[in-house]
Amino acid sequence: MQDKPRLNILLAGPRGFCAGVDRAIKIVEEAIRRYGAPVYVRHEIVHNRFVVESLERQGAVFVEELDEVPDDAPVVFSAHGVPKSVPAEAARRNLFYLDATCPLVSKVHREAEHHFSRGRHILLIGHAGHPEVVGTMGQLPEGTVTLVEDADQARTVPVPEDRPLAFITQTTLSVDDTADIVAALKERFPEIAAPAKEDICYATTNRQAAVKAIAGRAELMLVVGAPNSSNSLRLVEVAKRAGCPRALMVQRGHELDPAIADGLSTIGITAGASAPELLVEEVLARLSERFDLAIEEVVVAEERITFKLPTALNA
């Protein structure tokens, strides 16, 4: 039997689940355990089909809006956060609901309310249509938040002239892209109020730093994640920008053609914050069908953060 060619794997650390994602999934699982199936979930709890399908098998039913939820069923709001109109509607209908919004997203919501209470107009750095952006803009009255998607918009977007300004950001952005946008805003509006602590979450920052640490050594970067996951998409972009010749997203091991690494000596692998480690193991198993893998884990930070479940589930 012919020996398999050797393939060096640089495994980024940290990778995969963050504390907010872990908490959100546990909320759904615990709700099913306590209240029985079905438990309804408004929007994908996190952006990963494997996770969603696993929860569906346990008894979760995913819907887009509350009008799809029966009056007597519990409902969970996704980790991305929701506009204030959603819990208000749930309360109006006397629905029992659990809010799985990541605490770091909730922090941004509180910042937005703080700036609004001080009469500031808010510039939100983020991606149009992303559930987190929809939820954050929905914390305040329409017209009080302006979305800024890139540095060009930061230089040209119209703002009210009669109010001071503040900026906040989506938690899953590219650290480098956001720095460019913030620089453009500060150049244009030197008095603009900034977050007391950066809004981009620790998990996003750490995963991007880990990719940067291996990108220059890898000929190919595989990002395990979902195409609708903002933080996973950013990891692909970060890898390319940091010097990796090629970066691709893969959702499941069986979707990967291991021949993609033919002729290469070293590839990097990471996973977005909503991708479980099991999916990384799938990708490694798929590659091992064709290659003799030599795995080196490159860890840039240790994560020990955990978030408590809602009070209703701790009783």
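The notes below deal with the structure included here. (Residues numbered from 1 in each chain as written. Predicted model: local features only at pLDDT ≥ 70, side-chain atom pairs only at ≥ 80, totals over all residues. Heavy atoms only, no water.)

This part is about helix α10 (residues 277-288). An ideal rise of 1.5 Å per residue puts 16 Å on 12 residues; α10 measures up with 17 Å between its terminal C-alpha atoms. Regarding α10, the residues found buried are L279, V280, V283, L284 and L287. One side of α10 carries all its buried residues, which in axial view fall inside an arc of 145 degrees. (Helix = DSSP H or I, 4+ residues; strand = E, 2+ residues; numbered from the N terminus. Expected span 1.5 Å × (residues − 1). Buried < 20%, exposed > 50% of the residue type's maximum accessible area, 1.4 Å probe, protein only. Arc of directions from axis to C-beta.)

Sheet topology places strand β2 (residues 39-42) next to strand β3 (residues 60-63); 4 bridges connect them, and they run parallel. Within the sheet, the bridge partner assigned to V39 lies in β3 and is A60. Between the parallel elements β2 and β3, the chain passes through helix α2 (residues 49-58) in a crossover that is right-handed. (Pairing = 2+ DSSP bridges. Right-handed = clockwise from strand over helix to strand, strands pointing away.)

To continue, consider the side chain of T101. Here T101 shows up in the loop between β5 (97-99) and α4 (103-117). Taking the relative accessible area as the measure of exposure, T101 reaches 5% and is therefore buried. Within the structure, the side chain of T101 is placed 2.5 Å from the side chain of D99, a separation counted as a polar contact. Ignoring any residue separated from it by four or fewer positions in sequence, one finds T101 in contact with R23, F77, S78, A79, G81, V82, S106 and H109. (Polar contact = N/O pair within 3.5 Å; in protein donor to acceptor, adjacent residues only side chain to side chain. Contact = heavy atoms within 4.5 Å.)

Further remarks concern unusual backbone geometry. Excluding glycine, a negative phi dihedral is what most residues carry, and trans is how most peptide bonds are arranged. Cis rather than trans, the peptide bond between G13 and P14 has omega equal to 5 degrees. Examined against the element boundaries, P14 turns out to sit in the loop between β1 (6-13) and α1 (19-35). In this structure, P38 follows A37 across a cis peptide bond, with omega equal to 0 degrees. Inspection of the secondary structure puts P38 in the loop between α1 and β2. For H43, which is not glycine, the phi torsion reads 70 degrees and is therefore positive. Residue position: H43 is located in the loop between β2 and α2.

Sheets are built from strands that pair by backbone hydrogen bonding, the pairs being arranged parallel or antiparallel. If you trace the 4 strands from one edge of the open sheet to the other, you get β3-β2-β4-β5, paired in parallel fashion. In this open sheet, the two strands that pair with only one neighbour each are β3 and β5. When strand polarity is set aside, the average angle formed by the axes of neighbouring strands in this sheet is 25 degrees. Note: β2 against strand β4 (residues 75-77), 3 bridges, orientation parallel. Among the inter-strand pairings, R42 is bridged to a residue of β4, identified as F77. (Axes fitted to C-alpha atoms, helices over the stretch in contact; angles between N-to-C directions.)

In this fold, F96 is placed in the loop between α3 (85-92) and β5. In this structure F96 comes out as partly exposed when scored by relative accessible area, which is 35%. C-alpha of F96 to C-alpha of D72: the two residues are 24 residues apart in sequence and 8.0 Å apart in space. When neighbours within four sequence positions are excluded, F96 is seen to be in contact with Y35, A73, P74, V75 and A312.

Now for the pattern of salt bridges. A full pass over the atoms with the stated rule returns 23 salt bridges. Among the ionic pairs, R92 bridges to E89, the shortest N-O distance being 2.9 Å. Here E89 and R92 lie together in helix α3, a separation of 3 residues that amounts to about one turn. Under the relative-accessibility criterion, E89 is labelled partly exposed at 27%. With a closest N to O distance of 2.6 Å, R252 and E282 form a salt bridge. Placement of R252 in the loop between β10 (247-250) and β11 (266-271) and of E282 in helix α10 is noted, with a sequence separation of 30 residues between them. For E282, a relative accessible area of 21% gives the class partly exposed. (Salt bridge = Lys/Arg side-chain N within 4 Å of Asp/Glu carboxyl O.)

The subject of this paragraph is the sheet that holds strand β9 (residues 220-224). The 5 strands are arranged β10-β9-β11-β1-β12 in an open sheet whose pairing can be described as parallel. Unpaired on one side and paired on the other, β10 and β12 (292-299) mark the two borders of the sheet. Recorded for the sheet is a direction-independent mean angle of 25 degrees between the axes of neighbouring strands. As judged from the 4 bridges shared by β1 and β11, these two strands associate in the parallel manner. Along β11, the bridge assignment pairs I9 with I267. Sitting on the sheet, helix α9 (residues 230-241) is in contact with β9, β10 and β11, with an inclination near 160 degrees to β10.

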